[in-house]
Amino acid sequence: PPPPLSDLSRWFDYYDTDRGGSLDREEVSAALLHTPPFNHRGADSVRETVYSVWAAFDHDGSGSIDKREFCAPGGLGESLLAYTTQHHQPPPPKPAHTYPPQTTHTRPPQTYQPYQPAT
């Protein structure tokens, strides 16, 4: 099975299938489709995310990210890992029973007349 993204170095090596020492945008996009929680987002959404942040991590502008750029502190790997911890939380438990919403009844405002003693 693929290693978890939390093991950045192994994750990178696993998806560097041509053993070229770098991953391009399409390789990263394809790899993320097998990595929770990205695998629940759909190919277009994952690809759009990768393409939108790519320049921030491809420091040398080569069009690919080498293992050093991927695993560096603040690199693409850490950023993807931070995303997974923010977005991969189990849904809240459903309540055993849901009650209908309560309505509050309010009285219409009253106008008060000042007290006038009888003459």
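Residues numbered from 1 in each chain as written. Predicted model: local features only at pLDDT ≥ 70, side-chain atom pairs only at ≥ 80, totals over all residues. Heavy atoms only, no water.

Applying the stated criterion across every chain, the model contains five aromatic pairs. On the numbers, 4.9 Å between centres and 80° between planes, the contact of Tyr14 with Tyr15 is edge-to-face. By relative accessible area, Tyr14 is classed as partly exposed at 40%. Summarising the aromatic geometry, the rings of Phe38 and Tyr83 are spaced 5.0 Å apart at their centres and angled 25° between planes, so their arrangement reads as stacked. Here Phe38, found in the loop between helix 2 (25-32) and helix 3 (43-57), pairs with Tyr83, found in helix 5 (residues 76-87); they are 45 residues apart in sequence, far enough to count as distant. Judged by its relative accessible area of 1%, Phe38 is buried. The rings of Trp11, Phe12, Tyr14, Tyr15 and Phe70 are connected pair by pair, giving a single aromatic cluster. (Phe/Tyr/Trp six-rings, centres within 6.5 Å; stacked < 30°, edge-to-face > 60°. Buried < 20%, exposed > 50% of the residue type's maximum accessible area, 1.4 Å probe, protein only. Helix = DSSP H or I, 4+ residues; strand = E, 2+ residues; numbered from the N terminus.)

For the peptide bond that leads from Pro36 to Pro37, omega is -5°, which places it in the cis range. Turning to its location among the elements, Pro37 is positioned in the loop between helix 2 and helix 3. One non-glycine residue, Arg19, lies in positive phi territory at about 55°. Along the chain, Arg19 falls in the loop between helix 1 (8-15) and strand 1 (22-24). Judged by its relative accessible area of 59%, Arg19 falls in the exposed class.

Let us now look at the confidence of the model for the chain. Summing up the model confidence of the chain, the mean pLDDT is 82 and the portion of residues at 70 or higher is 76%. The element-level mean pLDDT for the chain is lowest in helix 5, coming to 82, with helix 1 highest at 96. (pLDDT = per-residue confidence, 0-100.)

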